[in-house]
Each structure stands twice: as C-alpha cells, then as structure tokens.
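Next come the chains, spelled out residue by residue.
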Amino acid sequence: MRVVWQADVNAAINILQRAGDPDIALHTSHHRVKQILQDRIDRHRTRLPVQGSSPATAERRANYPNCSAMGNE
C-alpha cells in the first residue's frame with residue numbers, strides 16, 4: 001500500500017528525519033542536499049543483488065536454456 005502525504009506533512013517528516021544528519025546542515029544548499037541523498041540512494045542500490053543472479057537461477061538457465069521459448073509454442 002502506498003501512502004500519500006499532504007505536502008506540508010511530508011516536508012515536516014523530511015526535516016525531522018534530517019535533523020540529526022551529519023552531512024546536511026541548516027544552510028546546506030538544496031542542490032547539495034539533493035546530491036547527498038542521491039549518492040546515498042545509489043550506494044544502497046549497488047548493494048542490492050541483481051534480479052535473477054542467484055546461483056539457483058543460473059543453474060535453471062543452464063539446465064533449461066530455451067525455457068522462455070517453450071511457452072511460445
């Protein structure tokens with residue numbers, strides 16, 4: 001379920017969450033804040049496994065290389 005907040009409530013939540021952030025200060029420009037947050041998101045994404053890269057998936061692909069074509073017959 002996706003939660004949609006009213007803009008002022010969402011802004012207040014963001015401010016509270018960033019209050020103790022050592023990288024974002026009161027006078028940090030919005031461009032710099034955006035870059036800091038984007039860098040964090042990028043670092044988080046690179047730690048996630050690539051979908052379908054598990055050894056089990058690779059083994060299934062090796063054993064059944066044309067399984068996607070089978071469904072099209």
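Structural data are supplied above this passage.
Keep in mind it's a predicted model, so treat the numbers as computed, not measured. (Residues numbered from 1 in each chain as written. Predicted model: local features only at pLDDT ≥ 70, side-chain atom pairs only at ≥ 80, totals over all residues. Heavy atoms only, no water.)

**Student:** Please give an account of the overall build of the protein that cites residues and values.
**Tutor:** A tally of regular secondary structure across the protein gives four helices and zero strands. Counting from the amino terminus, the protein carries its helices and strands in the arrangement α-α-α-α. In the protein, which comprises 73 residues, the share counted as buried stands at 7%. (Helix = DSSP H or I, 4+ residues; strand = E, 2+ residues; numbered from the N terminus. Buried < 20%, exposed > 50% of the residue type's maximum accessible area, 1.4 Å probe, protein only.)

**Student:** Kindly report on the pattern of salt bridges, identifying the contributing residues and their values.
**Tutor:** This model, assessed by the stated rule, comprises two salt bridges. Put simply, Asp21 and Arg40 hold a salt bridge, and the shortest N to O gap is 2.6 Å. Taken together, the residues span a long stretch of sequence, with Asp21 in the loop between helix H1 (7-18) and helix H2 (30-47) and Arg40 in helix H2 at a distance of 19 residues. Assessed through its relative accessible area of 14%, Asp21 is described here as buried. Of the charged contacts, one joins Arg40 and Asp23 as a salt bridge, the two residues approaching to 2.9 Å between their closest N and O atoms. You can see Arg40 sitting in helix H2 and its partner Asp23 sitting in the loop between H1 and H2, a full 17 residues away along the chain. (Salt bridge = Lys/Arg side-chain N within 4 Å of Asp/Glu carboxyl O.)

**Student:** A description of H1 should follow, citing residues and the corresponding values.
**Tutor:** Note: α-helices contain 3.6 residues per turn, so residues at a spacing of three or four share the same orientation. Along its twelve residues, H1 runs 17 Å from first to last C-alpha, staying within 8% of the 16 Å computed at 1.5 Å per residue. Looking at where H1 begins, the residue whose side-chain oxygen comes 2.9 Å from the main-chain nitrogen of Asp8 is Gln6. (Expected span 1.5 Å × (residues − 1). Polar contact = N/O pair within 3.5 Å; in protein donor to acceptor, adjacent residues only side chain to side chain.)

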